[in-house]
Amino acid sequence: MALERWAERLSFRAFQSGLPRGAAYGYGGGESPEGLRRTELARLGGITYLDHAGTALFPQSLLKAFTDDLNENVYGNPHSQNISSKLTCDTIEHVRYRILQHFNTSVEDYTVIFTSGSTAALKLVAEAFPWVPETAEEPGSRFCYLTDSHTSVVGMRAIADAMNVLSVPVKPKDILSGTDDIVAGGNSCKTPHLFCYPAQSNFSGTRYPLAWIEQIKSGQLCPIKVQGKWSVLLDAASYVSTSLLDLSLHQADFVPLSFYKMFGFPTGLGALLVKNEAAACLRKVYFGGGTAAAYLAGEDFYLPKKSVAERFEDGTVSFLDIIALKHGFDALERLTGGMKNIEQHTFALAHYTYRILSTLTYPNGASVVHLYSDTDFSSPEVQGPIINFNVLDENGDIVGYSQVDKLAGLYNIHIRTGCFCNTGACQQHLGISNNDIKKNLQAGHVCGDDIDVVDGRPTGSVRISFGYMSTFEDAQAFLKFIITTRLTGCNIVNIPSPTQTISELVASPRENGHTCDNNSANELPPNKSIGDSGLSTCSTSVNLQVNLQPAKRHSERDMTEVFGNPAEDMPSGRRPVTVTNIYLYPIKSCAAFEVMQWPIGNKGLLYDRSFMVANHNGVCITQKQEPRLCLVQPFIDLEQNVMIIRAEGMDPISLSLEEDSESLTQTCQSKVCSHRVQTHDCGGRVADWFSSFLGRQCRLIRQSSDFKRNANKKDEKGETSAVRASLSLVNEAQYLLINRTSILQLRDKVVERLGESLPPQELVHRFRANIVVSTDEPFEEDLWEEIAVGPLRFKVIGPCHRCLVICIDQKTGERNKEFLQTLAATKDKKTKFGIYLMNHPEMQVHHPDTLSVGSPVLAAVKNVIAR
């Protein structure tokens, strides 16, 4: 086993023996990092949290001290004059002093202006800086920024541009090589310029010289050759989370901060530390509550308050959050002994992890990861506790970051992927040109999505970062994850063809030991028909269970033209493709309800994902958070028009499907996959049932039938239907189709990894499809563009990118990592399996149709160009 070969190098002894200068594990004579984790972050459980550059995690003692403070004191609005308000004002001023003390400076040199975060602080500087516009006679001010900067820094150029100020991006290598550039007469010209750079790159952890501050302000170093007076903005948001910024030594004019990066709580609060000399030059246009010494409503008269902080803090500051900062600083000092200890501790973990990653190779000598770094992690002076990389396969090809993220999730490892709001660094390290960025956008890739590879090239990378609560076990768990998934047979190729016959796999659910519990519910009653929003009683009795004939309409006339005649065109020896199973999931993320035939509506299968379980904040709960949801079995009885919900150890509960039922109470807004949906709460009785079963407070909510959630997903040609289809509470599309023959091939590979038998039907259940078909060859469905099932037509929208849910046994709720890993190995490093379908646009207006098991499937195949 690979892990056994690496056992010594992954040991704590090897970790300690390899620590370089400036690295030390733990916090001296205080409690061990492992002890702090148990007492302060017990909520992590088995999670390995490696996104400290995204946010720190607050310790429990911080929250307790803060809530105790609020329980013991009355804090009023600081703009009032009463006793409680005076207490608030005094406490806020104390916190300002504490912040300046932390950065080794005082009110004589700096002022603390509270903002909503570092982004708001940057925007404040851009709006208030004394820019001199460009004219025909004068060059005007310059706004320069390091290309390795956060989006919020680059965004300042929009304000500068609006003021007719030229913005100039500067590459790190250019300024590093320009230390001797001194512009003649630079000190005599007073035109103000602004240079922004990060103390620490949030992409790679590279630490840029703090000496630049004085060198640039004195004229020894010039970002560009232009006469004038330079001010320096030091973006310290990433740096100060694990290191001490000494403003007595490095006196930047402006220093933006976000406190959640340091403490984890409070969020939504930051500050701009502004040098008093620079503050006098700032110009402010807008004035809000609390900033005016006097003003007139009927005349253009306004006098600002003298205090710089009061002048720029529009409205009432977030005073309770500011009070929480005191407890944040207290906790940080009490638990770690100070920022120097945190710097040494986090660097020790980063150095160790980097060292091991850089030596990982496949048997053929190829590197397992491509590291993106400007340093060799030799010292915390040049490198912070951030490691950025992409995983490679044994051929040197990129394994997409979204795939790595999904696999990490299987191991309860939380990482960050993408470009990290730092396109400049991403381009620099990944070799992405400006044209590449534009082409990727045309291909559908935007910041924050999971399109990780375009034309074989990465669009982003993977980032791990350590914080003051990180432990050796975190680093070790991550390294074991990489070694296990990359060096112990994850990339399985050339697996022998399946040994089980197709006829065994295509056996009906009953032949495989799976039966429907409600025989009357899985077939349609004789007197129901389907409308736009549900079932309605028909005046004429129509038996939908016997020889249902398709309605004559235009779409049916075209079927032979589009799909061909199955009887005439079927190649010799090929079986007809048929529907083998139909499943719907009345409650999102709960167990499947298998049927033999079922009505089709404008949103897909009738009642499919019409309900979902939500937490006390109205956020949808899925099997990712609560695997036991798969043990909740909903049954739809169309005859009685009710849903019956069952689970082991619980009494069954029934719910009327009538939307005007008394059980439906308030209307509420919720979100599914970032899309707004309107829902009804299903009442306290069923909420108590789910809360009791799951052991947490939750509600059952139902999508409102009059709310149209339109599908925004384009098909693989990038086309959107002229008729906008409506969705239920599904993630992407109205239907999900999988192929049993593809399941069979995947099953053999899983069996080889597990070393134990696996019924094919168990895999079918894991993939939670609506429609299951069987073809002659595996993965034929990946080539389909449209399909017809009996009289019904469907458009293929694209592949389904699988998540952690396929690792959950739908009978037991237990997880097994092998399924997602094997799927990735089978599907060219991607976790795609199954295809999304939507009702064909020509079917949108009438639905007297039923989807039935045994129906023939005809497919129109994509035009594939051989390479």
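Rules and cut-offs
- Residues numbered from 1 in each chain as written.
- Predicted model: local features only at pLDDT ≥ 70, side-chain atom pairs only at ≥ 80, totals over all residues.
- Heavy atoms only, no water.
- Helix = DSSP H or I, 4+ residues; strand = E, 2+ residues; numbered from the N terminus.
- Buried < 20%, exposed > 50% of the residue type's maximum accessible area, 1.4 Å probe, protein only.
- Contact = heavy atoms within 4.5 Å.
- Areas by Shrake-Rupley, 256 points an atom, 1.4 Å probe, with all protein chains shown as cover.
- Axes fitted to C-alpha atoms, helices over the stretch in contact; angles between N-to-C directions.
- Parallel < 35°, antiparallel > 145°, perpendicular 65-115°, else oblique.
- Left-handed = near helix turned anticlockwise from the far one by under 90°.
- Phe/Tyr/Trp six-rings, centres within 6.5 Å; stacked < 30°, edge-to-face > 60°.
- Pairing = 2+ DSSP bridges.
- Disulfide = S-S within 2.5 Å.
- Salt bridge = Lys/Arg side-chain N within 4 Å of Asp/Glu carboxyl O.
- Nonpolar A, V, L, I, M, F, W, Y, C, P; charged D, E, K, R; others polar.
- Expected span 1.5 Å × (residues − 1).
- Core = buried A, V, L, I, M, F, W, Y, C linked by side-chain atoms within 4.5 Å.
- Patch = residues over 30% accessible without salt bridge, like charges linked within 9 Å, V, L, I, M, F, W, Y side chains within 5 Å.

Draft legend 1. The overall build of the chain, seen in detail. Each helix and strand in the chain was counted, giving 27 helices and 40 strands. Counting all 867 residues of the chain, 56% fall into the buried class. Within the chain, residue pairs in contact and separated by at least 24 positions form 73% of the contacts whose partners lie at least 6 positions apart. Carbon and sulfur atoms provide 50% of the accessible area of the chain, an area that totals close to 37,400 Å².

Draft legend 2. Seen up close, the packing of helix α5 (residues 83-102) against helix α14 (residues 319-336). At their nearest, the axes of α5 and α14 sit 9 Å apart, and the two run at 45° to each other. As judged from the angle between their axes, α5 and α14 are oblique. Crossing of α5 over α14 shows left-handed handedness. The segment α5 lies against α14, with T88, T91, I92, H94, V95, R98, I99 and H102 engaging F319, I322, I323, L325, K326, F329 and D330.

Draft legend 3. Quick peek at the packing of aromatic side chains. Taken as a whole, this structure holds 32 aromatic pairs when the rule is applied. On the basis of an interplanar angle of 80° and a centroid distance of 6.0 Å, the ring pair of W131 and F143 is categorised as edge-to-face. With a gap of 12 residues between them, W131 in the loop between α6 (118-128) and β3 (142-146) and F143 in strand β3 connect regions that are remote in the sequence. A residue is classified by how much of its surface remains accessible, and F143, at 0% relative accessible area, is buried. Summarising the aromatic geometry, the rings of Y352 and F472 are spaced 5.5 Å apart at their centres and angled 45° between planes, so their arrangement reads as tilted. In this pair, Y352 is assigned in helix α15 (residues 339-357) and F472 in helix α19 (residues 472-487), connecting sequence segments 120 residues apart.

Draft legend 4. Molecular detail of the sheet that holds strand β28 (residues 653-656). Pairing in this open sheet of 3 strands is antiparallel, and the strands run β26-β27-β28 from one edge to the other. Taken across any chain shown, the strands that pair with only one partner, and hence form the sheet edges, are β26 (633-637) and β28. Averaged over all pairs of adjacent strands, the angle between strand axes in this sheet comes to 25°, irrespective of strand direction. As defined by bridge partners, β26 adjoins strand β27 (residues 642-646) across 5 bridges and the pair is classed as antiparallel. Note on β27: the bridge partner recorded for D637 is V642.

Draft legend 5. Local environment of the state of the cysteines. Under the definition given, this model contains 1 disulfide. The disulfide that involves C419 links it to C426, with 2.1 Å between the sulfurs. Residues C419 and C426 are joined by a disulfide whose S-S torsion is about -60°; by sign, that bridge is left-handed. For the pair formed by C419 and C426, the shared burial category is buried. Just so you know, C803 is unpaired, no disulfide at all, and the nearest cysteine sulfur is the one on C800, 7.6 Å from it.

Draft legend 6. Seen up close, the pattern of salt bridges. The final tally for this structure, using the stated rule, is 24 salt bridges. One salt bridge connects D68 with K64, and the closest N-O pair in it is separated by 2.9 Å. Taken as a pair, D68 and K64 lie in helix α4 (residues 60-72) at a separation of 4 residues, close to a single helical turn. Close ionic contact of K275 with E277 constitutes a salt bridge, the shortest N to O distance being 4.0 Å.

Draft legend 7. Expanded view of the packing of α15 against α19. The interhelical angle for the contact between α15 and α19, taken along N-to-C directions, is 15°, at an axis separation of 10 Å. Regarding the angle of α15 to α19, the classification is roughly parallel. The way α15 lies across α19 gives a crossing that is right-handed. For the pair formed by α15 and α19, the contact residues are L349, Y352, T353, I356 and L357 on the first element and F472, A475, F478, L479 and I482 on the second. When grouped by side-chain class, the residues that make up the contact of α15 with α19 number 9 nonpolar, 1 polar and no charged.

Draft legend 8. Representation of unusual backbone geometry within the structure. Note the cis peptide between F265 and P266, where omega equals 5°. You can see P266 is positioned in the loop between α11 (260-263) and β8 (270-275). For F420, which is not glycine, the phi dihedral falls at a positive 60°. Mapped onto the elements of the fold, F420 is located in the loop between β15 (416-418) and α17 (423-430). Residue class for F420 comes out buried when judged on its relative accessible area of 3%. A positive phi angle, close to 55°, is found at C421, a residue other than glycine. Take C421: it is sitting in the loop between β15 and α17.

Draft legend 9. The arrangement of the sheet that holds strand β23 (residues 597-601) in detail. Read from one edge to the other, the open sheet built from 3 strands follows the order β24-β23-β39, with strand pairing classed as antiparallel. Where the open sheet ends on each side, the last strands, each with one partner, are β24 (604-605) and β39 (850-852). Direction of pairing for β23 relative to β39: antiparallel, over a ladder of 3 bridges. Bridge assignment links P599 to a residue of β39, and that residue is T850.

Draft legend 10. Local environment of α19. Helix length check: α19, at 16 residues, gives a terminal C-alpha distance of 22 Å against a target of 22 Å (1.5 Å per residue), a fit within 8%. Among the 16 residues of α19, 13 are classified as buried, and the element is accordingly described as predominantly covered.

Draft legend 11. Representation of the nonpolar core. One finds L357, I387, F389, F478 and F767 to be the most contacted residues of the largest nonpolar core, which totals 71 residues. In this structure F478 touches L50, T353, L357, F389, I413 and I464, once residues within four positions along its chain are discounted. If you look at the next biggest cluster of nonpolar residues, it comprises 65 residues, including V95, I175, L245 and L325.

Draft legend 12. Structural view of a nonpolar patch on the surface. On the surface, L296, F301 and L303 cluster together into a nonpolar patch covering about 270 Å² of accessible area. Tracing the sequence through the fold places L303 in strand β10 (residues 301-304).

Draft legend 13. Spatial organisation of the pairing of strand β9 (residues 292-296). As paired elements, β9 and β10 share 4 bridges and run antiparallel to each other. Following the sheet pairing, A294 is matched in β10 by L303. Where β9 hands over to β10, the hairpin turn is made up of 4 residues, counted between the paired strands.

Draft legend 14. Molecular detail of the side chain of S691. Along the polypeptide, S691 turns up in helix α24 (residues 684-694). The residues touching S691, leaving out its near neighbours within four places in the chain, are R696, Q697 and C698.

Draft legend 15. The arrangement of the pairing of strand β37 (residues 792-801) in detail. With respect to burial, β37 is a largely interior element, 8 of its 10 residues being buried. Two elements, strand β36 (residues 784-789) and β37, share 4 bridges in a ladder whose sense is antiparallel. Each residue of the ladder has a partner; that of A788, found in β37, is R793. Counting the residues in the hairpin turn of β36 and β37 gives 2 residues, including G790, whose phi is positive at 60°. In the sheet, β37 pairs with strand β38 (residues 832-839) via 6 bridges, with the strands oriented antiparallel. What sits directly across from K795, in β38, is M838.

No statement about biological role is implied by the geometric values presented.
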